[in-house]
Amino acid sequence: MLTRHLTYLVLGLTLLFSALGLLLPLFAGPALLPVTAFSILLCLGSVYQSENGGFVKSRQMHRATEPPRQFSQPQVMLLMLLVIAQICVVLYFLTEL
């Protein structure tokens with residue numbers, strides 16, 4: 001059952017780490033920039049996996065009642081906007097050094 005909804009699970013975890021990577025350095029300082037770097041890599045890796053093969057592997061055709069196998073276009077856009085925001089946070093702290 002969990003493998004059927006793997007796309008939603010990956011999206012939820014990626015959004016959670018993106019929010020942490022965006023907010024933790026702003027409130028706790030630049031010592032938590034590795035969390036932001038990990039979050040950026042996780043976002044880019046999950047979008048890459050979604051675009052190349054998807055998360056749910058099946059030899060059958062996709063039915064309308066099944067959960068999606070890949071991220072939708074708005075989800076990819078949201079993840080890319082979060083990556084851009086995280087890069088801005090990293091650049092802000094790098095110019096402060």
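Scoring rules and cut-offs
Residues numbered from 1 in each chain as written. Predicted model: local features only at pLDDT ≥ 70, side-chain atom pairs only at ≥ 80, totals over all residues. Heavy atoms only, no water. Helix = DSSP H or I, 4+ residues; strand = E, 2+ residues; numbered from the N terminus. Contact = heavy atoms within 4.5 Å. Expected span 1.5 Å × (residues − 1). Buried < 20%, exposed > 50% of the residue type's maximum accessible area, 1.4 Å probe, protein only. Core = buried A, V, L, I, M, F, W, Y, C linked by side-chain atoms within 4.5 Å. Phe/Tyr/Trp six-rings, centres within 6.5 Å; stacked < 30°, edge-to-face > 60°.

### What about the side chain of S39?
You can see S39 is positioned in helix α2 (residues 33–52). Not counting the four nearest positions on each side in its chain, S39 is found in contact with F17, S18, G21 and Q86.

### Focus on helix α1 (residues 6–28)
Helical periodicity: at 3.6 residues per turn, an α-helix aligns residues three or four positions apart in one direction. Taking 1.5 Å of rise per residue, 23 residues should cover 33 Å, and α1 covers 32 Å from first to last C-alpha, within 8% of that figure. By the burial criterion, the buried members of α1 are T7, V10, L11, T14, S18, G21, L22 and P25. Those residues of α1 that are buried are in contact with α2 and α3 (73–96). A positive phi of about 105° marks G29, the residue just after α1.

### Points about α3
The first and last C-alpha atoms of α3 sit 35 Å apart over 24 residues, in line with the 34 Å expected at 1.5 Å per residue. Every buried residue belonging to α3 is among V76, L79, L82, V83, Q86, V89 and F93, and all of these are buried. Here the buried face of α3 lies against α1 and α2.

### Considering the nonpolar core
If you look at the biggest cluster of nonpolar residues, it comprises ten residues: V10, L11, I40, C43, V47, F55, F71, V76, L79 and V83. Put simply, the parts of the chain that give this core at least two residues each are α1, α2 and α3. With residues near it in sequence (within four places) discarded, V76 still touches V47, E51 and F71. The next biggest cluster of nonpolar side chains, apart from the first, holds five residues, and it includes L22, L33, L82 and V89.

### Quick word on the packing of aromatic side chains
In the structure shown here, the tally under the stated rule is two aromatic pairs. Plain terms: the ring middles of F17 and F38 are 5.4 Å apart, the flat faces sit at 80° to each other, and that makes the pair edge-to-face. You can see F17 sitting in helix α1 and its partner F38 sitting in helix α2, a full 21 residues away along the chain. Look at F17 and you get partly exposed, because its relative accessible area is 29%.

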